[in-house]
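Structure at a glance
The lines below spell out each chain.
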Amino acid sequence: MKNILEIKTVADYFKLRNCEVLHPLVGIVDFDKVNENEYPNTSYDAFHFGCYAIFLKDAVGCKIKYGGKSYDYDEGTLVFMAPNQTIELDGYDPNFVPKGYALLFHPDLLLGTAMAKKVVEYNFFAYSSHEALHLSSKERKIILSLLDKIQFELEQNMDKHSKKLIVANIELFLDYCLRFYDRQFLTREVVNQSALQKFDTLLVDYFSSEKPKTYGLPSVGYFAEQLNLSPNYFGDLVKKETGKSAQEYIQGKLINIAKEKVFDPSKSVSEIAYELGFKYPQHFSRLFKQKVGYSPKDFRSSIN
């Protein structure tokens, strides 16, 4: 059985790092100021988070290759964890000493603010660790400046402005991360195009096989798994490259294949619907008319 540490609160993580808790719902750990000799002498296989956690992981000398081209991101990467996520420490060196920063905040911090609803829009909290945000030196300076502002507020006496300013800076922090991820998608254009080409091939292969009859319509999660990407990262990649959601892209490919099948008069609309993975022919007809402007029967008649 795995030895999992439950990090339900900010204080739980601060206890692990032997740091002082300045606020029960939010805190920043600067690992340069942490004495690793005072860490609790306990090893874990995984951490389960009950709060949001963002780690700025410094990895000096780390070179990242995108599409065969090297990018210098020595300054570090940002990894995002959302509540109820578990991170496993596969092959983790027990003597490893973290370098960088950790920003943790509990969902209760956002209660009564606009961020309580907006936070779900930051898809990168559901990205996998290998889909981390790689920062340039300029981007890192912005991130560190926002961490400084949050830390400044934490070190003041709490007043009526404290929560508003802390949450506002967290929101700005996350908004910048959205921008930086957009930049990362652009710099990885060759890799992204390769993933889309594989996606197209997987789509055609799926609908050319018996899988639709056996498993039904394919999901976004299915293709993300085939490409070794998290569903959120895969969805954002498709959106950035095509302007369409992954679901819309799948439906578009499905309709193109459906048009070819409908052109064959030897097959009924019901047969075509089942071949494509629809449980009910009327669902197929509804989607086809929505996308094409004609029902399958009317489309067949117009072609003939």
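Going by the structure above, here's the rest.
Everything in this summary refers to the structure shown in the same document. (Residues numbered from 1 in each chain as written. Predicted model: local features only at pLDDT ≥ 70, side-chain atom pairs only at ≥ 80, totals over all residues. Heavy atoms only, no water.)

Some thoughts on the overall build of the protein chain
Each helix and strand in the protein chain was counted, giving 12 helices and 10 strands. Summarising the internal contacts of the protein chain: among those between residues at least 6 apart in sequence, 74% fall at separations of at least 24. Summed over all atoms, the accessible surface of the protein chain reaches about 16900 Å², with 50% contributed by carbon and sulfur. (Helix = DSSP H or I, 4+ residues; strand = E, 2+ residues; numbered from the N terminus. Contact = heavy atoms within 4.5 Å. Areas by Shrake-Rupley, 256 points an atom, 1.4 Å probe, with all protein chains shown as cover.)

Some remarks on the side chain of D30
Summarising the element assignment, D30 is placed in strand 2 (residues 26-30). For D30, the side chain forms a polar contact with the main-chain nitrogen of D32, separated by 3.0 Å. Beyond its immediate sequence surroundings of up to four residues, D30 is in contact with G100 and Y101. (Polar contact = N/O pair within 3.5 Å; in protein donor to acceptor, adjacent residues only side chain to side chain.)

Regarding the pattern of salt bridges
Counting across every chain of the model gives eight salt bridges. One salt bridge in this structure joins K240 and D182, with 3.1 Å as the shortest N-O distance. Of this pair, K240 sits in helix 8 (residues 231-242) while D182 sits in helix 4 (residues 162-187); the two residues are 58 residues apart in sequence, bridging distant segments of the chain. The exposure class of K240 is partly exposed, given its relative accessible area of 41%. (Salt bridge = Lys/Arg side-chain N within 4 Å of Asp/Glu carboxyl O. Buried < 20%, exposed > 50% of the residue type's maximum accessible area, 1.4 Å probe, protein only.)

Remarks on the packing of helix 5 (residues 189-208) against helix 8
At their nearest, the axes of helix 5 and helix 8 sit 10 Å apart, and the two run at 105° to each other. By the angle class used here, helix 5 and helix 8 are roughly perpendicular. In this structure, helix 5 contributes E189, N192, Q193, A195, L196 and F199 to the contact, and helix 8 contributes F234, L237, V238, E241 and T242. Counted by class, the contact of helix 5 with helix 8 contains six nonpolar, three polar and two charged residues. (Axes fitted to C-alpha atoms, helices over the stretch in contact; angles between N-to-C directions. Parallel < 35°, antiparallel > 145°, perpendicular 65-115°, else oblique. Nonpolar A, V, L, I, M, F, W, Y, C, P; charged D, E, K, R; others polar.)

Thoughts on unusual backbone geometry
Even without being glycine, N18 reaches a positive phi, approximately 55°. Along the chain, the position of N18 falls in the loop between helix 1 (10-16) and strand 2. Of note in the backbone geometry, N228 takes a positive phi value of approximately 60° without being a glycine. Looking at where N228 falls in the secondary structure, it is placed in the loop between helix 7 (220-226) and helix 8.

A closer look at the environment of V238
Following the sequence through the fold, V238 ends up in helix 8. Excluding residues that lie within four positions of it along the chain, V238 makes contacts with L196, F199, G243, K244, S245, A246 and Y249.

Some thoughts on the sheet that holds strand 8 (residues 86-88)
Sheets are built from strands that pair by backbone hydrogen bonding, the pairs being arranged parallel or antiparallel. The strand order across the open sheet built from three strands is 1-3-8, with neighbouring strands paired in mixed fashion. The outermost strands of the open sheet, each flanked by one partner alone, are strand 1 (4-7) and strand 8. Strand after strand, the sheet turns through a mean of 20° between neighbouring axes, direction not considered. As defined by bridge partners, strand 1 adjoins strand 3 (residues 46-49) across four bridges and the pair is classed as parallel. Bridge pairing links L5 to F47 in strand 3. (Pairing = 2+ DSSP bridges.)

So, the packing of helix 4 against helix 8
Relative to each other, helix 4 and helix 8 sit at 70°, their axes nearing to 11 Å. The angle between helix 4 and helix 8 places the two elements in the roughly perpendicular class. Seen from helix 4, the contacting residues are Y181, D182, Q184 and F185; seen from helix 8, they are Y233, D236, L237, K240 and E241. Taken together, the residues that form the contact of helix 4 with helix 8 break down as four nonpolar, one polar and four charged.

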